[in-house]
Amino acid sequence: MELNRIETILEKYFQGETTVLEENELKNYFSSSDVAQHLEQYKLLFGYFSEAKKQAYIKTVPLKTKKRNVRWISIAASVVALLGISTFTYLHQPQESNDLGTYESPEEAFAATQKALSLLSKNVNVGIESVSYINEFQNSKELIFKSK
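Presented here is an overview of the structure given in this document. Predicted model only: the values in this text are computed from it and were never measured.

This part is about the pattern of salt bridges. For the structure on display, the rule yields 2 salt bridges. The salt bridge involving Arg5 is made with Glu25; its shortest N-O contact spans 3.1 Å. Placement of Arg5 in helix 1 (residues 2-15) and of Glu25 in helix 2 (residues 20-31) is noted, with a sequence separation of 20 residues between them. Accessibility expressed as a relative area gives 27% for Glu25, which makes it partly exposed. Of the charged contacts, one joins Glu22 and Lys12 as a salt bridge, the two residues approaching to 3.0 Å between their closest N and O atoms. Here Glu22, found in helix 2, pairs with Lys12, found in helix 1; they are 10 residues apart in sequence, far enough to count as distant. Relative accessible area serves as the criterion here: at 13%, Glu22 is assigned to the buried category. On the accessibility criterion, Lys12 (27% relative accessible area) is partly exposed.

Following this line, the structure appears as structure tokens:
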């Protein structure tokens, strides 16, 4: 009778339908010395579970973590950023030309100077004409507001 019950519980065990009490009953049966010969193969399985419960991990696990020096990382990052910015500005500077408006002969230089001064004079005269309009406006305004 007991053998039939063990076989039934064993079948339920492999289907995953046993209770904790039934599993304890199987462990007790397979840990005893009188196991049926055709169920002898399962003795190692249940013996392993009871042995595995007794085992304990005795090695210590080091909890010390490596501390990274954040200050050095930030310094390195800022140096890289400065190098990048300075390289960018150096490469994108406008190229200076050595042509400073020098002339081969004094006559050419004199003609170019006269041309530049003529242009300047013309623009200054336009500005003076605008100022004369402002003076006329000022005189008109004074006449209007004095009459009141």
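What follows picks up the thread again.
Turning our attention to the packing of aromatic side chains. Within the structure shown, the criterion is met by 4 aromatic pairs. Seen from their ring centres, Tyr13 and Phe14 are 5.5 Å apart, and the 70° between their planes marks the pair as edge-to-face. Here the aromatic cluster, defined as three or more aromatic residues joined through ring pairs, consists of Tyr13, Phe14, Tyr29, Phe30 and Tyr42.

Moving on: the environment of Ala76. Of note, Ala76 is situated in helix 4 (residues 70-91). On the basis of relative accessible area, Ala76 is assigned to the partly exposed category, the value being 40%. Through-space distance from the C-alpha of Ala76 to that of Tyr133 is 64 Å; in sequence the pair is 57 residues apart.

Before going further, it helps to examine the packing of helix 1 against helix 2. Across the interface, helix 1 lies against helix 2 with an axial gap of 10 Å and an inter-helix angle of 120°. Comparing the axis directions of helix 1 and helix 2 gives the class oblique. As helix 1 packs across helix 2, the resulting crossing turns out to be left-handed. Contacts from Glu2, Leu3, Arg5, Ile6, Ile9, Leu10, Lys12 and Tyr13 in helix 1 reach Glu22, Glu23, Glu25, Leu26, Tyr29 and Phe30 in helix 2. Its residues assigned to classes, the contact of helix 1 with helix 2 comprises 8 nonpolar, no polar and 6 charged.

On to the side chain of Thr18, then. Among the secondary structure elements, Thr18 is positioned in the loop between helix 1 and helix 2. Not counting residues up to four positions away in its chain, the partners in contact with Thr18 are Ile9, Lys12, Tyr13 and Glu23.

Rules and cut-offs
- Residues numbered from 1 in each chain as written.
- Predicted model: local features only at pLDDT ≥ 70, side-chain atom pairs only at ≥ 80, totals over all residues.
- Heavy atoms only, no water.
- Salt bridge = Lys/Arg side-chain N within 4 Å of Asp/Glu carboxyl O.
- Helix = DSSP H or I, 4+ residues; strand = E, 2+ residues; numbered from the N terminus.
- Buried < 20%, exposed > 50% of the residue type's maximum accessible area, 1.4 Å probe, protein only.
- Phe/Tyr/Trp six-rings, centres within 6.5 Å; stacked < 30°, edge-to-face > 60°.
- Axes fitted to C-alpha atoms, helices over the stretch in contact; angles between N-to-C directions.
- Parallel < 35°, antiparallel > 145°, perpendicular 65-115°, else oblique.
- Left-handed = near helix turned anticlockwise from the far one by under 90°.
- Contact = heavy atoms within 4.5 Å.
- Nonpolar A, V, L, I, M, F, W, Y, C, P; charged D, E, K, R; others polar.

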